[in-house]
Amino acid sequence: MASSVIIYLSNLRRLALPPTIDMRDQTEKLFEFLGFWLYRNPIKALLSTFLLIGALVSQVPSVTIDTTSEALLHQDDPSLMEYNRFRDQFGRAELIIIAVESPEVFEQSFLNQLKSFHMELKNEVPYLKQITSLINVRHTHTKEDALIVEDLLGAWPEKPVNLLELKQQVLNNPFYLNLIISNDGRVAAVLIETVATVNESFSEEQILAEFGEDILENLRSSQSKLYFSEKENRKVVEAVNRVVNRYQSNRFHLIASGGPVIIDAFNRATLKDVRLFIVLSLSAVAMFLGLLFRRMSGVILPLLIINASLFSTLGIMALFGVPIKLPTTIIPAFLLVVGVCDAVHILAIFFRHYDLGETKEAAIGYAYGHSGLAIVFTSLTTIAGLLSFSLAELSAIVEIGYFAAAGVMLALIYTIIILPALISLTPLKRTQAKVQQHSVMDRVLQSVADFSARRPRPIIIFSLGIFVIFLPAVFQLKFSHNVVEYFPDHMPYRPDLNYIDQELKGSLTLEIVLDTGRENGIYEPWVLNRIELVGRKIEKINRADISVGKVISITDILKEIHQALNENDKTFYRIPQNRDVIAQEFLLFENNRADDLERIADSQFKKTRISVKTSWVDAVVCKDFMRDIHYQLQNVFKDKVEATITGLVALLARTVSVAIYSMAKSYLIAFMAITLMMILLMGDVKIGLLSMVPNLIPIIIAMGFMGFMHIPLDLNSLMIGSIALGIVVDDTVHFMYNFQKFYNRRCDPYYAVQKTLLGVGRALIITSLVLATGFFILMCSSLKNLLNFGFFTGLTVIIALLADFVMATALLIMINPRRAVIKIDANL
């Protein structure tokens, strides 16, 4: 007897479970109790939850879309703050450019139609600050020794003009070329500039009617400005398109483009795609749920939860006044496919036990005890991957982290609370499992288990070989952010923009603000000479990927004045070298046409702007181009004048640098956070670390494939790593969690792998297929950036499932030896 006790105690010490396992058992019992309580108190649970859902969903109609470059950045970002200061001082830098092509621009009929077109735009386009064309472009001349600055055709047709002389005058004016007329005189342009802030266009009563009392009070209390936004831009573009469509003809061919047009088109395509994704994702989820559960309740209950999660998340975005932006367009499809996984794992266990004869209450209690902790951990790993975006320097990426994480958390909460309550209130029929279908699936899973468990070394060697092949390709990836390239070839936006760039030498504007540091500093000849010099140097910047079409500065106005005051002699088209003369000439001009000066210099003549007109290019190119501009500014002004580069080009360049840095930081944070969580769940450092290997290799393969195919990373595909890591680790959690339970039971890795695959294998396959299909649905997008993101994220999910079934199994077999099971004397 004594020897039996000694043997018992010795064996008990060898079989003692670690504290983490004991704690896990207690947590599982708490989840089981929670399932019972929610089942017994369904009305309380549903009432409180539906009140929350109703409050959040009521905000959804207020959701907006804004894919502008300034929307990507934080409000306190230095580049955006500089851009706002520029807008406050000089107005908007983005123009709508309408190219007007005709067999003969300088003929009576064309000019009549152009004037009519010009006037209708002026009368119908809201938020208009300035419209410029051949009709009203600045014409500086003298009359009876007096300087006259007037519209070029302001008095026409009442006052006839010689059309041949007009043509020569226009084509010989350097300021007009590539601004309102092409070099060959074949294409005229109409430039539309809108107000920079809504405050400029509305009275307080109009702001109250249009935007509400909260916005009005905020503007009153903070003296802040309501900047021109996507909402106003849409109205402007709609009005422009209406007028363009009325005047479009073979002899008056119109092409409207420029930043505002491109952004509006992108917003519309995005909204259309988001609606399509929601419908297709719901259809795909319903199909897979039907295949898995083969009953209406198995389809309706999860769909109710994921819809509540999605629209609650959109409601939270609206509540915080956060619009859907370029990167956040993935949130609806993402939540629909990710949010259903928790319900699938709970219902898979519940229906299996319910169909075997258990009561609903017993089955839901067992399902919560079995999978409750696992679904909490899978949700937390997904949230950890998403929250890694929270430290990004792009506000749009931060918002993905916050709001997608909130959506995943809501899906978890709704699943835990709503499922037992609805199951309690819903009559359910038991179904007879189809043995034939299950046996086929079981045979497949059994074959996978046998293959992986019996060949661990070759599998690991093969996996390392794949890793070695694809890893170098990851470092060949290049970044790209070019909204125009996202449009499909059949849409007109890219050809229209290329036409503008070719005929009028540019559709983008880079702005340089020069601060002399003293009042009337611009009057200094040396300052103006250097402005002229730096303009010539910028025009000569020769890059294969970007072209400078025109540089506009205050020296253009001064040279026009000086030439006009000297009998229009072309030799006087230059900067006078006397400060008093410069001051006098600017004063004469200001008395005639002050608005033109206000758009190019401040009232104290301390600051001025230089506008650099370029072709539309990739944001990566903008960064290098800005570096060239900065070098020229430093070389010419030598710190005697403060020069700041801003405008849309500068914002694009800023987006590139912070996106790359933010994503590198996000990948590291996500990996560290999820690895730590896996170690805590597994209760073993070695197993926790090894569990990350099957999750990293699929990401390396997907991104390496992008490298081999020369597909660049954009703002969406750049997030694949962090998002995919947070998602694909969910299958690993369920796999490892169940493996450890079965391994602790018999200390036999072969038995544990077999039971794990036969137990959770079906659910893992279905959830992975749902996830992958949800991302593949993004390939139905009309925009290429979402298409690429959907394909490669879906590919990552599929590869990750295979890695869990094959590679994870091989690793577990290698590190978990088979030990003999010790039988304890039942009498002890």
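Just so it is clear, the model here is predicted, and its values are computed rather than measured.

Participant: It is not clear to me how the overall build of the chain should be interpreted in this structure. Could you clarify?
Facilitator: Scanning the chain from terminus to terminus reveals 30 helices and 10 strands. Dimensions along the principal axes, computed over C-alpha positions, put the chain at roughly 130 × 50 × 50 Å. Counting across all 828 residues of the chain, residues that qualify as buried make up 57%. Put simply, of all contacts in the chain between residues at least 6 apart along the chain, 81% involve residues at least 24 apart. Summed over its atoms, the accessible surface of the chain is roughly 35100 Å², and 58% of this surface lies on carbon and sulfur atoms. Treating the 76 positive side-chain charges of the chain as one cloud and the 79 negative ones as another, the clouds have centres 11 Å apart.

Participant: Please explain the packing of helix 25 (residues 648–682) against helix 28 (residues 720–746) as it appears in this structure.
Facilitator: Two quantities define a packed helix pair, namely the angle between the axes and the distance from one axis to the other. Relative to each other, helix 25 and helix 28 sit at 10°, their axes nearing to 10 Å. Classified by the angle their axes make, helix 25 and helix 28 are roughly parallel. Packed against helix 25, whose contacting residues are Ser666, Tyr667, Ala670, Phe671, Ile674, Met678, Leu681 and Met682, the element helix 28 presents Ile720, Gly721, Ser722, Leu725, Gly726, Val729, Thr732, Val733, Met736, Tyr737 and Gln740 at the interface.

Participant: Is there a simple way to explain the confidence of the model for the chain in this structure?
Facilitator: Interpreting fine coordinate detail is not advised for predicted regions of low pLDDT. In the predicted model, the chain carries a mean pLDDT of 85, and the fraction of residues at 70 or more is 92%. In this model, residues 219–223 is a region of pLDDT below 50 whose contacts with residues beyond four sequence positions or in other chains number seven contacts.

Participant: So what exactly am I meant to see when it comes to the sheet that holds strand 6 (residues 253–257) here?
Facilitator: Backbone hydrogen bonds hold the strands of a sheet together, and the pairing may be parallel or antiparallel. Strand order in this open sheet of four strands is 2-5-1-6, and the pairing throughout is antiparallel. Every interior strand has two partners, whereas the edge strands, strand 2 (128–132) and strand 6, have only one. Going from strand to strand, the sheet's axes swing by 15° on average, the running direction of each strand aside. Note: strand 2 against strand 5 (residues 187–194), four bridges, orientation antiparallel. Following the sheet pairing, Ile131 is matched in strand 5 by Ile192.

Participant: Even after reading the chapter, I still don't get the sheet that holds strand 10 (residues 642–647), so can you show me in this structure?
Facilitator: The strand order across the open sheet built from four strands is 8-9-7-10, with neighbouring strands paired in antiparallel fashion. Either end of the sheet is taken by a strand with one partner, and the two such strands are strand 8 (548–552) and strand 10. Direction aside, the axes of adjacent strands within the sheet are offset by 20° on average. Where strand 7 (residues 508–515) and strand 9 (residues 607–614) come together, eight bridges link them in antiparallel fashion. Paired with Asp515 across the two strands is Lys607, which belongs to strand 9. Lying on the sheet, helix 25 is in contact with strand 7, strand 9 and strand 10; it crosses strand 10 at an angle near 80°.

Participant: Honestly, empty space enclosed by the protein in this entry has me stumped. Any pointers?
Facilitator: Over the atoms rolls a probe the size of a water molecule, and its path tells where empty space is left. If you walk through the whole model with that rule in mind, you get four cavities of 30 Å³ or more. Its boundaries defined by the atoms lining it, the largest cavity holds a volume of some 720 Å³. As for the largest cavity, its lining consists of 33 residues, and the residues nearest its centre are Leu95, Leu179, Leu191, Glu193 and Ile552. Those elements giving two or more residues to the lining of the largest cavity turn out to be strand 2, strand 5, helix 10 (259–293), strand 7 and strand 9. Here the lining of the largest cavity is composed, by residue class, of 14 nonpolar, nine polar and 10 charged.

Participant: Explanation requested: the packing of aromatic side chains in the structure shown.
Facilitator: Each aromatic ring pair is described using two quantities: the centre-to-centre distance and the angle formed by the ring planes. As enumerated under the stated definition, the model contains 25 aromatic pairs in all. Aromatic pair Phe110 and Phe252: ring centres 5.4 Å apart, planes at 45°, arrangement tilted. Of the two residues, Phe110 is situated in helix 5 (residues 108–124) and Phe252 in the loop between helix 9 (230–247) and strand 6; the sequence distance between them amounts to 142 residues. For the pair formed by Phe110 and Phe252, the shared burial category is buried. With a centroid separation of 5.5 Å and an interplanar angle of 40°, the aromatic rings of Phe586 and Phe605 are classed as tilted. Residue Phe586 is found in helix 22 (residues 579–592), and its partner Phe605 is found in the loop between helix 23 (594–598) and strand 9; the two are separated by 19 residues along the sequence. Here the aromatic residues Phe110, Phe117, Tyr247 and Phe252 are joined through ring pairs into a cluster of three or more.

Participant: What am I meant to see in unusual backbone geometry here?
Facilitator: Residues apart from glycine generally show negative phi values, whereas peptide bonds are mostly found in trans. In the segment running from Trp156 into Pro157, the intervening peptide bond is cis, with an omega of 10°. Secondary-structure assignment places Pro157 in the loop between strand 4 (146–151) and helix 6 (163–171). Look at Tyr127: it is not a glycine, yet its phi comes out positive at around 60°. The phi dihedral of Asn178 falls on the positive side, at around 65°, and the residue is not glycine. Its location among the elements puts Asn178 in the loop between helix 6 and strand 5.

Participant: Would you take a moment to explain the packing of helix 12 (residues 331–338) against helix 15 (residues 395–425) for this structure?
Facilitator: Look at helix 12 against helix 15: their axes get within 10 Å of each other, and the N-to-C directions meet at 30°. As far as their axial angle goes, helix 15 and helix 12 are roughly parallel. In this structure, the crossing between helix 12 and helix 15 has a hand that is right-handed. Contacts between helix 12 and helix 15 involve Ile331, Phe334, Leu335 and Val338 from the first element and Ile400, Phe403, Ala404, Gly407 and Val408 from the second.

Calculation criteria
Residue indices follow the written sequence of each chain, beginning from 1 at its first position. In keeping with the predicted nature of the model, local features appear solely for residues at pLDDT of at least 70, side-chain atom pairs appear and are counted solely at 80 or more, and the whole-chain, interface and lining totals rest on all residues. In computing side-chain properties, one takes all heavy atoms of the structure into account and sets aside hydrogens as well as water. Segments assigned H or I by DSSP are reported as helices when at least four residues long, segments assigned E as strands when at least two residues long, and all are numbered from the N terminus. In this scheme, a residue with accessible area under 20% of its type's maximum is buried, one over 50% is exposed, and one in between is partly exposed, where area comes from a 1.4 Å probe on protein chains only. By definition, residues are in contact when any of their heavy atoms lie within 4.5 Å. Shrake-Rupley sampling with a 1.4 Å probe provides the accessible areas, and residues are treated as covered by the protein chains on show and by no other component. Within this scheme the basic residues Lys and Arg register as positive and the acidic residues Asp and Glu register as negative, but His and the chain ends are omitted. We put the charge of a Lys on NZ, of an Arg on CZ, of an Asp on CG and of a Glu on CD. Interaxial angle, 0 to 180 degrees, is taken between N-to-C directions of lines fitted to C-alpha atoms, where a helix line uses only the stretch in contact. Here is the rule for angles: anything less than 35 degrees is roughly parallel, anything more than 145 is roughly antiparallel, 65 through 115 is roughly perpendicular, and the remaining ranges are oblique. Predictor confidence is given residue by residue as pLDDT, running from a minimum of 0 to a maximum of 100. Two strands make a pair as long as DSSP finds a minimum of two bridges between them. Grid points spaced at 1 Å and placed over the protein atoms alone form the basis of the search, with a cavity being a set where a 1.4 Å probe fits but cannot get out and a pocket an open set showing protein on both sides within 12 Å along at least five of seven lines. Lining residues have an atom within 4 Å of a point. Grid points are joined across faces, edges and corners, and a volume is the space filled by probe spheres set on the points. Polar here means any residue other than Ala, Val, Leu, Ile, Met, Phe, Trp, Tyr, Cys and Pro, which are nonpolar, and Asp, Glu, Lys and Arg, which are charged; Gly is therefore polar. Here a Phe, Tyr or Trp ring, Trp counted by its six-membered ring, pairs with any other such ring whose centre lies within 6.5 Å, and the pair is stacked when the planes are under 30 degrees apart, edge-to-face when over 60, and tilted otherwise. Should the near helix be turned anticlockwise from the far one by less than a right angle, the crossing is termed left-handed; should it be turned clockwise, right-handed.

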